[in-house]
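Descriptive analysis of the structure
Chain residues, written in single-letter form:
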Amino acid sequence: MFKAIPYENISTYKDPISLFNEDGVVLVRDKEKGKVNPITIGWGSIGVLWGKPCCTIFIHESRYSKHLLDEEDFFSVCFLPKEQKKMVAYFGKFSGRDVDKIKESGLEVVDGDYPFLKDSELVIFCKKVGQTKFDESKISLPDIKNWCQQSGVHSIYFGEIVKVIVRDEK
Ligand SMILES: Cc1cc2nc3c(=O)[nH]c(=O)nc-3n(C[C@H](O)[C@H](O)[C@H](O)COP(=O)(O)O)c2cc1C
């Protein structure tokens, strides 16, 4: 159902520039509650860091997922098909603090060291290799700076890409 592809071949399946458009969902394990939590992301990039293929994501400090990412060493970035647009919107509206989003969505998680959504078209599996957070005093855009000072900043998580899989219809 899925096949592994080299990291360099992601562009064969999806444009890496618009990769994090509106269909990316990050899955992180909640060790405490024994569940997996999905969060929709629009910000991210793939490239190279410290000589390693790297996927970078940006998670705001108000998100439940931030607390999970701080505790967990792994995350997976799942790209869902257009038919699952409603679920992507749902994962981006509700918090895992209040609800078990996977349970409510009815979507299936393939569990293991790196859990991922079975409906994904492409999955990037990442091992966290570093993290930092924005220093709002260094943001040059006044509106964004004000917003961050009022609402808090995003943390930046760097994940070494350890595996990439795509749906294989054959
Ligand atoms: C299209 C879309 C893109 C989003 N991108 C991000 C993002 O890149 N980073 C982030 O922290 N939140 C992003 N959000 C907001 C979170 O998905 C949302 O706050 C979510 O409910 C947080 O879930 P959690 O509390 O379970 O972590 C996005 C939401 C949508 C709908």
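If you're wondering where the values come from, they're calculated on a predicted model, not measured in any experiment. (Residues numbered from 1 in each chain as written. Predicted model: local features only at pLDDT ≥ 70, side-chain atom pairs only at ≥ 80, totals over all residues.)

Concerning the overall build of the protein chain
Helix and strand content of the protein chain: five helices and ten strands. For 170 residues, the compact-globule estimate of 2.2 N^0.38 gives 15 Å, and the protein chain sits close to it at 16 Å. With the C-alpha coordinates of the protein chain rotated into their principal frame, the extents come out at 50 × 40 × 30 Å. Burial statistics for the protein chain: of 170 residues in total, 31% are counted as buried. A separation threshold of at least 6 residues defines the contact pool for the protein chain, and within that pool the share at least 24 residues apart is 72%. (Helix = DSSP H or I, 4+ residues; strand = E, 2+ residues; numbered from the N terminus. Rg over C-alpha atoms; globule rule 2.2 N^0.38 Å. Buried ≥ 20, exposed ≤ 12 C-beta atoms within 10 Å, placed from the backbone. Contact = placed C-beta atoms within 7 Å.)

A short note on the pairing of strand E5 (residues 52-60)
In this sheet, E5 lies alongside strand E4 (residues 44-49) in antiparallel orientation, the contact comprising six bridges. Paired with Leu49 across the two strands is Lys52, which belongs to E5. Adjacent in sequence and paired antiparallel, E4 and E5 are bridged by two residues, among which Trp50 carries a positive phi angle near 50°. Across seven bridges, the pairing between E5 and strand E10 (residues 154-167) is antiparallel. Each residue of the ladder has a partner; that of His60, found in E10, is His154. (Pairing = 2+ DSSP bridges.)

Overview of the confidence of the model for the protein chain
In the predicted model, the protein chain carries a mean pLDDT of 95, and 99% of its residues have values of at least 70. Per-element confidence in the protein chain ranges from a low mean pLDDT of 93 for helix H1 (residues 10-13) to a high of 98 for strand E8 (residues 116-117). (pLDDT = per-residue confidence, 0-100.)

Brief notes about unusual backbone geometry
In this structure, Trp50 is a non-glycine residue whose phi angle is positive, near 50°. Note on placement: Trp50 falls in the loop between E4 and E5. Residue Trp50 is classed as exposed on the basis of its 9 C-beta neighbours within 10 Å.

Thoughts on the pairing of strand E3 (residues 35-41)
Most of E3 is tucked away: five of the seven residues are buried. Both strand E2 (residues 24-30) and E3 contribute to a ladder of seven bridges, which runs antiparallel. Opposite Val26, over in E3, you have Ile39 as the bridge partner. Counted between consecutive antiparallel strands, the loop separating E2 from E3 contains four residues, among which Gly34 sits at a positive phi close to 65°.

Considering helix H2 (residues 64-71)
Every buried residue of H2 is listed here: Ser65, Lys66, Leu68 and Leu69. Buried residues of H2, seen end-on, are gathered within an arc of 165° and therefore sit on one face of the element. Next to the buried residues of H2 lie E2, E3, E5, strand E6 (74-79) and E10. (Arc of directions from axis to C-beta.)

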